[in-house]
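Take a look at the letters that make up each chain.
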Amino acid sequence: MKIAVPRERRAHERRVAATPETVKKFIALGFEVVVEAGAGLESQVPDDLYQNAGAVVEPDLARLYQGASVVLKVQRPLLAGEAELDELALIPRGALLLAVLSPFSDPESVTAYAKAGVTAMALEFVPRISRAQSMDVLSSQSNLSGYRAVLDAAYEYDRAMPMMMTAAGTVAPAKVMVLGAGVAGLQAIATAKRLGAIVSATDVRPAAKEQVESLGGRFVMVDSEETREAETAGGYAKEMSDDFKRAQAELVAATIKTQDIVICTALIPGRKAPILVNDEMVASMRPGSIIVDLAVEQGGNCTASRAGEVVDAGGVRVVGHFNVPSRLAADASALYAKNLLNYLTPLVASAEGESGASLALDFDDEILAAATLTRDGQVVHAAFAAQQAEQ
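Residues numbered from 1 in each chain as written. Predicted model: local features only at pLDDT ≥ 70, side-chain atom pairs only at ≥ 80, totals over all residues. Heavy atoms only, no water.

Section: the sheet that holds strand β12 (residues 261-264)
Sheets are built from strands paired through backbone hydrogen bonds, the pairs being either parallel or antiparallel. As a reminder of what qualifies: Paired strands, as defined in this entry, are two strands with at least two bridges between them according to DSSP. Labels follow the DSSP assignment, with helices taken as runs of H or I lasting at least four residues and strands as runs of E lasting at least two, numbered in each case from the N terminus. Where helices are involved, their axes are fitted lines through C-alpha atoms of the stretch in contact, as for all axes, and angles between N-to-C directions lie from 0 to 180°.
With mixed pairing, the seven strands of this open sheet are ordered in space as β11-β10-β9-β12-β13-β15-β14. One side of each edge strand has no neighbouring strand; the edge strands of this open sheet are β11 (218-220) and β14 (309-313). Taken pair by pair, the neighbouring strands of this sheet meet at an average axis angle of 20 degrees, ignoring direction. Relative to strand β15 (residues 316-320), β14 runs antiparallel, the two sharing five bridges. Bridging from a neighbouring strand, Glu309 pairs with Gly320 of β15.

What follows is the structure, given as structure tokens:
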């Protein structure tokens, strides 16, 4: 069976879906691996490293996709009308497409996968259960996002992060507040602490308190009956009531005015990011303060943030970089590629003889059931099946 790894073509994307390490392991499983020429250059992986690992490096797109049983990508393929190249049209019918497909941001793409006869699996839908931890692309990429957010904040901040005691006087440590204590938030806390900042954090989930405090942060939270049921079975935050949002806004407003740096990480799967920092809160911060909004591409946690920009909001710099994991493309690619390997490996039925690997897809398995959007020409994911029926 052939695995095709194309170059990513969406804007702001520097990652690649396979590394020489994963290529070797796929070949050991019985796959043939073909990588598009130049696919790994922005992730510091030149073509010769793929060739040394046993992959075929192919400059011709038609030959890259021809006969491919599996297509590995980072982001969803380009569709007709989005760009000059229709990537989806190149994928053979019946092929397995693995990527972060972001179907909620483009529901029409799900119907397109079904019409193309592709078995499309959205890796961001892999459930957060014990046996799927090594496949969790959201966690691996969010971890790097949280780290990079603090570095981006430190770059924009015109003061030192740690306390410094010198003969000329003492430099006070920066005060950092992290909004959302998920994977990205916890890494942001850990990174800010390493840089010597005083860190506080807030989250709607009571379970986050122990995690925040274990990293040396102070936990700030609205305590109510609603917070006791603020986490989904999959480990994500639920959307809260308007009353809770008002109470949370008051708490954040009272805390944020004393902070130097705010890292926003709050996301709700399938929904617009919740507004946590409004214009009034931004105005309450002292000049030179920094806000980094990791949710900016989903609408943003801060009303002043703009996707792809560093905004000056009355002396407060609001950072809204696109695709933060891609700003650490080499490490992000290595982790993402390993997630893909760990997802695909259990699906290999055999690698015996000259026939190579074959796949056994049990769509009743909770991991595949959660991730599969389309198969056999049909939209099968419950969140999108009704949409196809209406059409």
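The rest of the description comes next.
Focus on the pairing of strand β10 (residues 198-202)
This is how it is decided: Here the term buried applies to any residue with accessible area under 20% of the maximum for its type, exposed to any over 50%, and partly exposed to those in between, with areas from a 1.4 Å probe on protein chains only. Handedness rule for crossovers: strands pointing away from the viewer, path from the first strand over the helix to the second running clockwise, crossover right-handed.
Burial analysis of β10 places four of its five residues in the buried class, which makes it a mostly covered element. Two strands pair when backbone bridges link them, and strand β9 (residues 175-179) and β10 are joined in this way by five bridges, in the parallel orientation. Along β10, the bridge assignment pairs Lys175 with Ile198. Taken together, β9, helix α7 (residues 183-194) and β10 constitute a β-α-β crossover, and its handedness is right-handed. Across three bridges, the pairing between β10 and β11 is parallel. Its bridge partner being in β11, Ala201 is matched across the sheet by Phe219.

With respect to the nonpolar core
What counts here: To define a nonpolar core, start from buried Ala, Val, Leu, Ile, Met, Phe, Trp, Tyr and Cys residues and group those joined through side-chain atoms within 4.5 Å. Contacts are assigned to residue pairs with any non-hydrogen atoms lying within 4.5 Å of each other.
Residues Ile3, Val5, Leu72, Leu98, Tyr343, Leu344 and Leu373 are the most contacted members of the largest nonpolar core, which totals 63 residues. In contact with Leu72, other than residues within four places in its own chain, are Ile3, Ala4, Val5, Pro6, Ala17, Phe26, Leu98 and Leu340. Within the second largest apolar cluster, 27 residues are counted, among which are Val178, Ala208, Ile261 and Leu294.

Remarks on the pattern of salt bridges
Heads up, the rule is: Salt bridges are identified by distance alone: a Lys or Arg side-chain nitrogen within 4 Å of an Asp or Glu carboxyl oxygen.
Taken as a whole, this structure holds 22 salt bridges when the rule is applied. A salt bridge links Arg15 to Glu13, with the nearest nitrogen and oxygen atoms 2.8 Å apart. For Glu13, a relative accessible area of 5% gives the class buried. Here Arg375 and Asp376 are joined by a salt bridge, their closest N and O atoms 3.7 Å apart. When its relative accessible area of 67% is taken as the criterion, Asp376 is described as exposed. One network of salt bridges, with partners in common, ties together Arg10, Arg76, Glu82 and Asp106.

Points about the environment of Ala247
Within the secondary structure, Ala247 sits in helix α9 (residues 242-256). With 25 residues separating them in the primary sequence, Ala247 and Val222 have C-alpha atoms 6.8 Å apart.

Details of the packing of helix α6 (residues 137-156) against helix α11 (residues 329-344)
To keep it simple, the criterion reads: Roughly parallel refers to an angle under 35 degrees, roughly antiparallel to one over 145, roughly perpendicular to one between 65 and 115, and oblique to any angle outside these ranges. If you view the pair so one helix is near and one far, a crossing is left-handed when the near helix is turned anticlockwise from the far one by less than a right angle, and right-handed when it is turned clockwise. Residues are sorted three ways: Asp, Glu, Lys and Arg are charged, Ala, Val, Leu, Ile, Met, Phe, Trp, Tyr, Cys and Pro are nonpolar, and all the rest, Gly among them, are polar.
Here α6 crosses α11 at 170 degrees, and the two axes come no closer than 9 Å. Between α6 and α11, the angle is such that the two are roughly antiparallel. Of the two possible hands of crossing, α6 and α11 adopt the one that is right-handed. Judged by residue contacts, Val137, Ser140, Gln141 and Leu144 of α6 engage Asp331, Ala332, Leu335, Tyr336 and Asn339 from α11. Looking at side-chain class alone, the contact of α6 with α11 contains five nonpolar, three polar and one charged residues.

A word on the packing of α6 against α7
Following both chains from N to C, one finds α6 and α7 inclined at 35 degrees, their axes separated by 7 Å at the closest point. Crossing of α6 against α7: the hand is right-handed. Contacts between α6 and α7 pair Ser139, Ser142, Asn143, Gly146, Tyr147 and Val150 from the former with Val183, Ala184, Gln187, Ala188, Thr191 and Ala192 from the latter. Partitioning the contact of α6 with α7 into residue classes produces six nonpolar, six polar and no charged.

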